[in-house]
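Residues per chain, in single letters:
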Amino acid sequence: MGKSARAGIFSYHAEIQPDILAKSIRGKVTALYLSERSIQKVSFPLNGLVIDGVQVNRRSITTQILDGQLIIPLKAILGKQIIEISYHGIPKRGLVFGPNYVYSVFFTCNWMICDEAPGIKTDFSIDIIVPKKFITVASGDFISKKSEGKKLVRHSWKENRPYSSYIFGFAAGEFKSASSKLGKSELRYLGVMDDKSSLLQKFKDTARMVKFLEQKSGVPLPHSLYTQVLVPGNVAQEMTSFSVLGKDFIDPILTNPQEDWAILHELAHQWWGNLLTCKSWEQVWLNEGITVFMVAAYKEERWGKAAYDKEMEIIKKRYQRAIDANFDVPLTYKGEYPGLQLQRAIVYSKGALFMDALRKEMGEEAFWSGVQKYTRTNVGRSVVSQEFQKAMEWASSKKLQVIFDKWVY
Ligand SMILES: [Zn+2]
């Protein structure tokens, strides 16, 4: 990362040791901080984690806890500073423990001390210390595995480019494992209750989905390894380079192959959400609306126009809830939402319907060329709706202010 690029944290290294039985975690985060101005302090949300010690530039320092925030004084030194935070705790959210596994879900700062703003992208690496028979996956590429005493192993993973902290994650457990090749990439599947053949059966369309998304985005799959972890329950959570998917969402594929939305949705986030990330949560429709639309677009190609129309009907019904509740706000609404269901009706459903409306307004060729332009131009960046509009207008023969004003602003 360019040294003059920003002030603030530009790199996290986490070292964690989950305790499956105690449902707890012990960790140390090393954050590299670049100060360009005289900044007196830096703060992190604690989310109930207990601090064991903090060092700045290898010296132990006294910190403060104020309103659930860890406040670390800095001595206004310009340049790079190394902040090391040791902690432990039983996270209330952010980690799901099973009898012989653990995985992370939204959001990262519940189990790893970090800044949770989506617009900040940083380097990331993680060491996970687990029992010998555990398999791990984490954000980025697998680097190494080293013995840690007699019973434990340290698995090291490292991201290949800066990403937002809310999509850093890991899973570790006594998983069954399967994999398939796609060009130079590896598609890997981990299961808690499924064996190798069951994993390959349920995820068999993944390669086809990757090709579809690569073609529509104009950008190759961002990692050479993409892992899907199949766990009990109804989770669907994207993280960089992998996703965790619940059996409630995936198993229906066996009786109806068209029940493939969760695989596609989380996979699509590898582009829209992870590679291109909303600059602030007011822009999160750029993550979710585009992704929900991509599920419908994939269904159209895979299963035909009727499958696209059916998906759009479901989305319309969800959006209708917002209209019925008199809460039809713009996609970039900055206020409070009365609840999660209405927020999803706008951000996910209205967002996807806007993509469909834009597709009709622009025509097939211009629309997809705009999507490619937007994606390719903004790889690795934090984005706002104006950048999406700019790319779509570039591809269109006309200004799109009217339709953007109607839906987005
Ligand atoms: Zn999503």
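Along each chain, residues carry numbers from 1 onward, in the same order as the chain's sequence is written. Two thresholds apply to this predicted model, a pLDDT of at least 70 for residue-level local features and 80 or more for giving and counting side-chain atom pairs, whereas whole-chain, interface and lining totals are computed over all residues. As a convention, hydrogens and water are excluded, and side-chain values are obtained from all of the structure's heavy atoms.

(A) Examining the state of the cysteines more closely. When the sulfur atoms of two cysteines come within 2.5 Å, that pair is taken as a disulfide. Scanning the entire structure with this criterion turns up one disulfide. Covalent S-S linkage joins cysteine 109 and cysteine 114, the inter-sulfur distance amounting to 2.2 Å. The sign of the S-S torsion, about -105°, decides the handedness of the disulfide formed by cysteine 109 and cysteine 114: left-handed. Burial status follows relative accessibility: with a 1.4 Å probe on protein chains alone, a residue under 20% of its type maximum counts as buried, one over 50% as exposed, and anything between as partly exposed. The buried category is assigned to cysteine 114, whose relative accessible area is 0%. Unpaired in this structure, cysteine 278 has its nearest cysteine sulfur neighbour in cysteine 109, at a distance of 14 Å. On the basis of relative accessibility, which here comes to 0%, the residue cysteine 278 falls in the buried class.

(B) Inspection of the sheet that holds strand 7 (residues 69-73) at higher detail. A pair of strands counts as paired when DSSP detects no fewer than two bridges linking them. The helix count covers DSSP runs of H or I at least four residues long, the strand count covers runs of E at least two residues long, and both are numbered beginning at the N terminus. The strand order across the open sheet built from three strands is 3-7-6, with neighbouring strands paired in antiparallel fashion. A single partner strand is all that each edge strand has here, and the edge strands are strand 3 (41-45) and strand 6 (64-66). The average angle at which neighbouring strand axes cross in this sheet is 30°, direction not considered. Here strand 6 runs beside strand 7; their pairing, made up of three bridges, is antiparallel. When the sheet's bridge partners are listed, glutamine 64 is paired in strand 7 with isoleucine 71. Simply put, an axis is a line fit to the C-alpha atoms, just over the touching stretch for a helix, and the angle between two N-to-C directions goes from 0 to 180 degrees.

(C) Representation of the sheet that holds strand 10 (residues 101-104) in the model. The four strands are arranged 9-10-16-12 in an open sheet whose pairing can be described as antiparallel. One side of each edge strand has no neighbouring strand; the edge strands of this open sheet are strand 9 (95-97) and strand 12 (135-138). Direction aside, the axes of adjacent strands within the sheet are offset by 10° on average.

(D) Highlighting the coordination of the zinc ion. Note on the zinc ion: its protein donors are His265 (NE2), His269 (NE2), Glu288 (OE) and Glu288 (OE). The metal-donor distances range over 2.1 to 2.8 Å. Sodium, potassium and calcium take a 3.2 Å donor cutoff, other metals 2.8 Å, and in both cases only N, O and S atoms count; water is not among them, so sites may look incomplete. In these descriptions, tetrahedral denotes four donors with every angle between 85 and 135 degrees, square planar four donors and octahedral six donors with opposite donors over 155 degrees apart and the rest between 65 and 115, and irregular any other case. Considering all four donor atoms around the zinc ion, angles at the metal cover 52 to 150° and the coordination shape is irregular. On the primary sequence, the residues serving as donors to the zinc ion are separated as H-x3-H-x18-E. One end of the pair, histidine 269, is in the loop between helix 4 (261-268) and strand 22 (277-278); the other, glutamate 288, is in helix 5 (residues 285-303), with 19 residues separating them in the sequence. One exposure class covers both histidine 269 and glutamate 288, and it is buried.

(E) Quick look at the packing of aromatic side chains. Stacked, edge-to-face and tilted are the three classes for Phe, Tyr and Trp ring pairs, Trp counted by its six-membered ring, which pair at centre distances within 6.5 Å; planes under 30 degrees apart are stacked, over 60 edge-to-face, the rest tilted. The full count for this structure, using the stated rule, is 26 aromatic pairs. When the ring of phenylalanine 106 is compared with that of tryptophan 281, the centres are 6.0 Å apart and the planes differ by 85°; the resulting orientation is edge-to-face. Here phenylalanine 106 is found in the loop between strand 10 and strand 11 (121-131), whereas its partner tryptophan 281 is found in the loop between strand 22 and helix 5, with 175 residues between them in sequence. For phenylalanine 106, a relative accessible area of 35% gives the class partly exposed. Note on tryptophan 281: relative accessible area 36%, which makes it partly exposed. Summarising the aromatic geometry, the rings of phenylalanine 293 and phenylalanine 367 are spaced 5.5 Å apart at their centres and angled 80° between planes, so their arrangement reads as edge-to-face.

(F) Representation of the pairing of strand 2 (residues 24-35). Here strand 2 lies mainly inside the structure; 10 of its 12 residues are buried. In this structure, strand 1 (residues 8-19) lies alongside strand 2, joined through 11 bridges in antiparallel fashion. Along strand 2, the bridge assignment pairs alanine 14 with valine 29. In this antiparallel pair of consecutive strands, strand 1 and strand 2, the connection spans four residues, and lysine 23 shows a positive phi of 50°. Pairing geometry for strand 2 and strand 8 (residues 79-89), over 11 bridges, is antiparallel. In the strand pairing of strand 8, lysine 28 is matched with serine 86.

Functional significance is not addressed by these values, which are geometric in nature.
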